[in-house]
Amino acid sequence: MRKKIVAGNWKMHNNVEQTDDLLNELIANVPTETDTQIIVAPTFINLASAVDHLEFTSIDVAAQNMHQAESGAFTGEISADMLKSIGVNTVILGHSERRAIFNETDALIANKVDTALKHEMTVIFCFGEELKDRQNKQHFNVVENQLRDGLFHIEKASWSNIVLAYEPVWAIGTGETASPDQAQEMHEFIRETVRKVFGKDIAEEVSILYGGSVKPENAKEIFSKPDVDGGLIGGAALKAADFVAIINAF
Ligand code: PGA
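Residues numbered from 1 in each chain as written. Predicted model: local features only at pLDDT ≥ 70, side-chain atom pairs only at ≥ 80, totals over all residues. Heavy atoms only, no water.

Visitor: Looking at this structure, how should I read the pairing of strand E3 (residues 59-63)?
Guide: Where a strand is regular, its side chains alternate between the two sheet faces. For E3, the buried fraction is high: four of the five residues fall into the buried class. The sheet contact formed by strand E2 (residues 36-41) and E3 spans three bridges and is parallel. Within the sheet, the bridge partner assigned to Val-40 lies in E3 and is Val-61. Each parallel crossover has a hand, and the one from E2 via helix H2 (residues 47-53) to E3 is right-handed. Two elements, E3 and strand E4 (residues 90-93), share two bridges in a ladder whose sense is parallel. (Buried < 20%, exposed > 50% of the residue type's maximum accessible area, 1.4 Å probe, protein only. Helix = DSSP H or I, 4+ residues; strand = E, 2+ residues; numbered from the N terminus. Pairing = 2+ DSSP bridges. Right-handed = clockwise from strand over helix to strand, strands pointing away.)

Written out as structure tokens, the structure reads:
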């Protein structure tokens, strides 16, 4: 049985106090009897306190990014070892904002994936087409290339540490969502693409999350699709009530 996951990507939001407040609200309100894994990804400086805060809860903590090198002269960067040393075992890699604003290429993301896997971290691997790709009917090609160039070099055994997050760029933070059928169509394609290269068992086991303007109002229908195993939530993860409603949509 593959895992159901709802992850909140907080991006560059929430100072220390706001992080504490949101975590307290989540602790008080997330369902305790659920088979859905719940993950939050605060900013780097709030990760250590989030790990402490959530120690006796079922909520896990992820980082939003990390550097590919073990250590060195990389001013402003954070390594896998640093994350692990504070108890963060999951990292989001390849988010479209990292790709578009910080010029992260598939090759760079592939390096980061290797480093994270070497440190036995779980990777939430993000990818997805831009609007022009969909308009030009290139969305399947783009997604396949991102998977191949960023991820498909890994060994079969590493797949137990991989979560896929399909996030069409045109739906991120825009209020525009892929329709449940568009999401299902792409998720099915992604699973089939994984199956062709790594086989049926891995394809059936890997969780594929949808991301892009998921809200309480549309979560249920998107999550009801057979190949959608959860969501990576941006804006709606910043309000406890919305995030909890999305979790409850499962
Ligand atoms: P959004 O962001 O839910 O605000 O569209 C999703 C994401 O960037 O992961």
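Visitor: Would you take a moment to explain the sheet that holds E4 for this structure?
Guide: Here we have eight strands rolled up into a closed barrel, ordered E1-E2-E3-E4-E5-E6-E7-E8, and parallel in their pairing. Neighbour-to-neighbour, the strand axes of this sheet turn through a mean angle of 30°, independent of strand direction. One ladder, built from five bridges, connects strand E5 (residues 122-127) with strand E6 (residues 162-166); its direction is parallel. Its bridge partner being in E6, Phe-127 is matched across the sheet by Tyr-166. (Axes fitted to C-alpha atoms, helices over the stretch in contact; angles between N-to-C directions.)

Visitor: Would you take a moment to explain helix H11 (residues 240-248) for this structure?
Guide: A turn of α-helix holds 3.6 residues, and therefore any two residues three or four places apart point the same way. All buried positions along H11 are accounted for by Ala-240, Phe-243, Val-244, Ile-246 and Ile-247. The buried residues of H11 occupy an angular sector of 155° when the element is viewed end-on, so they sit on one face. Its buried side turned inward, H11 meets strand E1 (4-9), helix H1 (16-29), E2, helix H10 (216-223) and strand E8 (230-233). (Arc of directions from axis to C-beta. Contact = heavy atoms within 4.5 Å.)

Visitor: How should I be thinking about the site of the ligand in this particular structure?
Guide: Around the ligand lies a shell of 13 residues, among which Lys-11, His-95, Glu-167, Gly-173 and Ser-213 are the nearest. In this structure, an oxygen atom belonging to the ligand sits 2.7 Å away from a side-chain N or O atom of Lys-11. Gly-235 is positioned such that a nitrogen or oxygen atom in its backbone is 2.8 Å from an oxygen atom of the ligand. When the ligand sits alone it has 290 Å² of accessible area, and the protein chains cover 95% of it. Looking at the shell around the ligand residue by residue, the class counts come to four nonpolar, seven polar and two charged. (Near = heavy atom within 4 Å. Polar contact = N/O pair within 3.5 Å; in protein donor to acceptor, adjacent residues only side chain to side chain. Areas by Shrake-Rupley, 256 points an atom, 1.4 Å probe, with all protein chains shown as cover. Nonpolar A, V, L, I, M, F, W, Y, C, P; charged D, E, K, R; others polar.)

Read these as geometric descriptors, not functional statements.
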